[in-house]
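The lines below spell out each chain.
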Amino acid sequence: MLRLLRHLRRVLVSTLAVPFVLAIGMTLVDMYRRQGRRTLPFPHQRPTTTPLGDGSFTLHTYGSDLYDEMIAAIDTAEHEILFETYIWKGDAIGRRFKDALVAAAARGVEVYAIYDSFANMVVPPRFKRFPAAIHVLRYPTIPTGLGFLRMSRYGRDHRKIMVVDDEVGFVGGYNIGTTYATEWRDTHLQVTGMAARELRRTFVDFWNLHHRRRFGRRERPLIHDNGQTSWDPHVRVQKNVPRLWLFPIRAMYLDAINRASRNVWLTTAYFMPDQDFVDALNDAALRGVDVRILLPLKSNHIVADWIARGYFQQLLDGGVRVFRFRDAMIHAKCATVDGEWSTVGTANIDRLSLSGNYEVNMEVVDPGLAQQLEDTFRLDLTNSLELTEAEWQARDVHRKFTELILRPLRPLL
């Protein structure tokens, strides 16, 4: 009996250790190969604006355009700036944002900033020093106090939000850095009206949930929640809150896919869903819905690319069309359904985003925004390669073997 248990333990350890070792090796090799490599130009649109309710939505698909709008909003702020990002590089673009926030605080604007400590470990410490006039929440890499024992405290803050004066807001996939300005294809929304006020509530809820400091440090101030006096049936902000075990973004996607009757066009940087998500996409395709998924041909995470490949056969068998964006990283997290429903936000279609991290997606029911996203999707397809059944079946043995070995990592990513 003891011998059997030892044998089973060795098998279990090997099953988990081999994929991890392979993943680490692949990552190191990919990092070496990427040195000095430059991305090629990709097609993109000028920002386009759609009115909705008491405000508007502007779709940004090019980082340089988006950053100009964000900096302009910071420079004209009069009362309050709420700024949250996952990655904040200490490069020229990162310094541009930091300088603008410091200048706003110096002229009396209340500035609150949040960034994820783990995602910015390689950023120089001096860049992460701010004047006392700016209230900064560094979301911790490791939970402090008794939170160390609670799994709900280990989700990363993967959100990207900015709200200025309760009037204009920004949300989407763009982090802050020079690379993202011109070399990555991403999607962000700039919103005004009630949508901006909803984003403010989203930021305030996170700040007030995590504002306390440990070990005798000065408390960060609470932010007053102005509340919402009315409802817009066309706009909702869906936010994952791991600490409260709330993960509505996955349910939002599944509900929209299950309602689809014409098309589901989905763009995501990383595709590692659970089986229910794959089944929903296949079921939609089998009932005649035009289901298309757009992914990077080669993303910045090679292991994620290979794990995504493990789902392609199921998707192709179900009639889902898979497209791969070439020559540049596509980092967008958005979808449109039936020319009516749309979402743009920070959540990828993977387990970390849908059931682990703090994420935020704007959900909008409006033909105008859906049309914009469909036009963007069609443009992206001109720079993409469709995966065919013949190409997939022709892949060599070592590729099939790699997909199989990495399969145990699916639940972790």
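Residues numbered from 1 in each chain as written. Predicted model: local features only at pLDDT ≥ 70, side-chain atom pairs only at ≥ 80, totals over all residues. Heavy atoms only, no water.

The name an unreviewed UniProt entry gives the chain is Cardiolipin synthase, with Nocardioides baekrokdamisoli as the organism.

S.K.: What exactly am I supposed to notice about the overall build of the chain here?
M.R.: Within the chain, the secondary structure is distributed over 13 helices and 20 strands. Here the chain holds 413 residues, and the buried ones make up 54% of them. In the form shown here, the chain has an accessible surface area of approximately 19200 Å², with 58% of it arising from carbon and sulfur atoms. (Helix = DSSP H or I, 4+ residues; strand = E, 2+ residues; numbered from the N terminus. Buried < 20%, exposed > 50% of the residue type's maximum accessible area, 1.4 Å probe, protein only. Areas by Shrake-Rupley, 256 points an atom, 1.4 Å probe, with all protein chains shown as cover.)

S.K.: Looking at this structure, how should I read the packing of aromatic side chains?
M.R.: Geometrically, a pair of aromatic rings is defined through the distance of the ring centres and the angle of the planes. Following the criterion strictly, the structure yields 20 aromatic pairs and no others. Centre to centre, the rings of Trp88 and Phe130 are 5.5 Å apart; their planes meet at 45 degrees, and the pair counts as tilted. On the criterion of sequence distance, the pair formed by Trp88 in the loop between strand 3 (80-85) and helix 3 (92-106) and Phe130 in the loop between strand 4 (110-116) and strand 5 (134-139) is long-range, its members being 42 residues apart. The same class applies to Trp88 as to Phe130, namely buried. Ring centres of Tyr253 and Trp341 lie 6.3 Å apart, and the angle between their planes is 70 degrees; on these two criteria the pair is classed as edge-to-face. Of the two residues, Tyr253 sits in helix 6 (residues 248-259) while Trp341 sits in strand 17 (residues 341-345), which places them 88 residues apart along the sequence. For Tyr253, a relative accessible area of 2% puts it in the buried group. (Phe/Tyr/Trp six-rings, centres within 6.5 Å; stacked < 30°, edge-to-face > 60°.)

S.K.: I tried to follow the sheet that holds strand 10 (residues 235-240) on my own but got confused; where do I start?
M.R.: Hydrogen bonds between backbone groups are what pair the strands of a sheet, and the pairing can be parallel or antiparallel. On the basis of which strands lie adjacent, the open sheet formed by eight strands has the order 10-19-17-16-11-13-14-20 and mixed pairing. In the strand order of this sheet, the two ends are held by strand 10 and strand 20 (384-386), each with one partner. Strand after strand, the sheet turns through a mean of 15 degrees between neighbouring axes, direction not considered. Its contacts with the sheet put helix 6 on strand 10, strand 11 (263-267), strand 16 (334-337), strand 17 and strand 19 (359-365), and the angle it makes with strand 10 is roughly 130 degrees. (Pairing = 2+ DSSP bridges. Axes fitted to C-alpha atoms, helices over the stretch in contact; angles between N-to-C directions. Contact = heavy atoms within 4.5 Å.)

S.K.: Please explain the UniProt feature "domain: PLD phosphodiesterase" (unreviewed entry) in the chain as it appears in this structure.
M.R.: When the UniProt feature table is mapped onto this chain, "domain: PLD phosphodiesterase" (unreviewed entry) is found at residues 153-180 and 326-353. Across residues 326-353, helical content stands at 11% and strand content at 46%; the span's end C-alpha atoms are separated by 24 Å. (UniProt positions renumbered as here; feature names shortened; annotations may be inferred.)

S.K.: Where do I start with the packing of helix 6 against helix 7 (residues 275-286) in this structure?
M.R.: Relative orientation of the contacting elements helix 6 and helix 7 amounts to 20 degrees, with a least axis distance of 9 Å. The orientation of helix 6 relative to helix 7 falls into the category roughly parallel. The two elements helix 6 and helix 7 cross, and the hand of that crossing is left-handed. In this structure, helix 6 uses Arg250, Tyr253, Leu254, Ile257 and Asn258 to contact helix 7, whose residues at the interface are Asp276, Phe277, Ala280, Leu281 and Ala284. By residue class, the composition of the contact of helix 6 with helix 7 is seven nonpolar, one polar and two charged. (Parallel < 35°, antiparallel > 145°, perpendicular 65-115°, else oblique. Left-handed = near helix turned anticlockwise from the far one by under 90°. Nonpolar A, V, L, I, M, F, W, Y, C, P; charged D, E, K, R; others polar.)

S.K.: When you look at the environment of Phe203 in this model, what are you seeing that I'm missing?
M.R.: Structurally, the position occupied by Phe203 is in helix 5 (residues 194-210). If we skip the residues at most four places from it in the chain, Phe203 touches Leu82, Phe83, Glu84, Tyr112, Ile114, Arg159 and Ile223.

S.K.: Could you clarify how one ought to interpret the confidence of the model for the chain in this entry?
M.R.: Interpretation of this model should avoid reading the predicted coordinates in detail wherever pLDDT is low. For the chain, the average pLDDT comes to 89, and 86% of its residues sit at 70 or higher. Note on residues 148-152: pLDDT is under 50 here. Beyond four places in sequence and across chains, it has seven contacts. (pLDDT = per-residue confidence, 0-100.)

S.K.: I would appreciate a short explanation of the nonpolar core in the present structure.
M.R.: Nonpolar side chains tend toward joint burial in soluble globular proteins. Tyr67, Ile81, Phe83, Trp88, Phe97, Leu281 and Leu315 are the most contacted members of the largest nonpolar core, which has 83 residues in total. Residue-level mapping places this core at the junction of two domains, with at least three residues from each of domain 1 (48-210) and domain 2 (238-409). With residues up to four places along the chain from it excluded, the contact list for Phe97 reads Tyr67, Met70, Ile71, Ile74, Phe83, Trp88 and Ile176. (Core = buried A, V, L, I, M, F, W, Y, C linked by side-chain atoms within 4.5 Å. Domains from an automatic or database assignment.)

S.K.: Help me out: how do you make sense of empty space enclosed by the protein in this one?
M.R.: If a probe the size of a water molecule is rolled over the atoms, the empty space left behind becomes visible. The final tally for this structure, using the stated rule, is four cavities of 30 Å³ or more. If you trace the largest cavity, you find it lined by Arg185, Trp265, Thr267, Cys334, Ala335, Thr336, Leu373, Thr376, Phe377 and Asp380. Contributions of two or more residues to the lining of the largest cavity are made by strand 11, strand 16 and helix 11 (367-381). Considering each element in turn, the lining of the largest cavity owes the most residues, four residues, to helix 11. Within the lining of the largest cavity, the residues separate by chemical class into five nonpolar, three polar and two charged. Reported here for the second largest cavity is a volume of approximately 50 Å³. For the lining of the second largest cavity, the secondary-structure elements that each account for two or more residues are strand 3 and strand 6 (161-164). Looking at the lining of the second largest cavity, the element that brings in the most residues is strand 3, giving three residues. Its residues assigned to classes, the lining of the second largest cavity comprises seven nonpolar, two polar and two charged. (1 Å grid on protein atoms, 1.4 Å probe; cavity = no way out; pocket = protein on both sides within 12 Å on 5 of 7 lines; lining within 4 Å. Points joined across faces, edges and corners; volume = space filled by probe spheres on them.)

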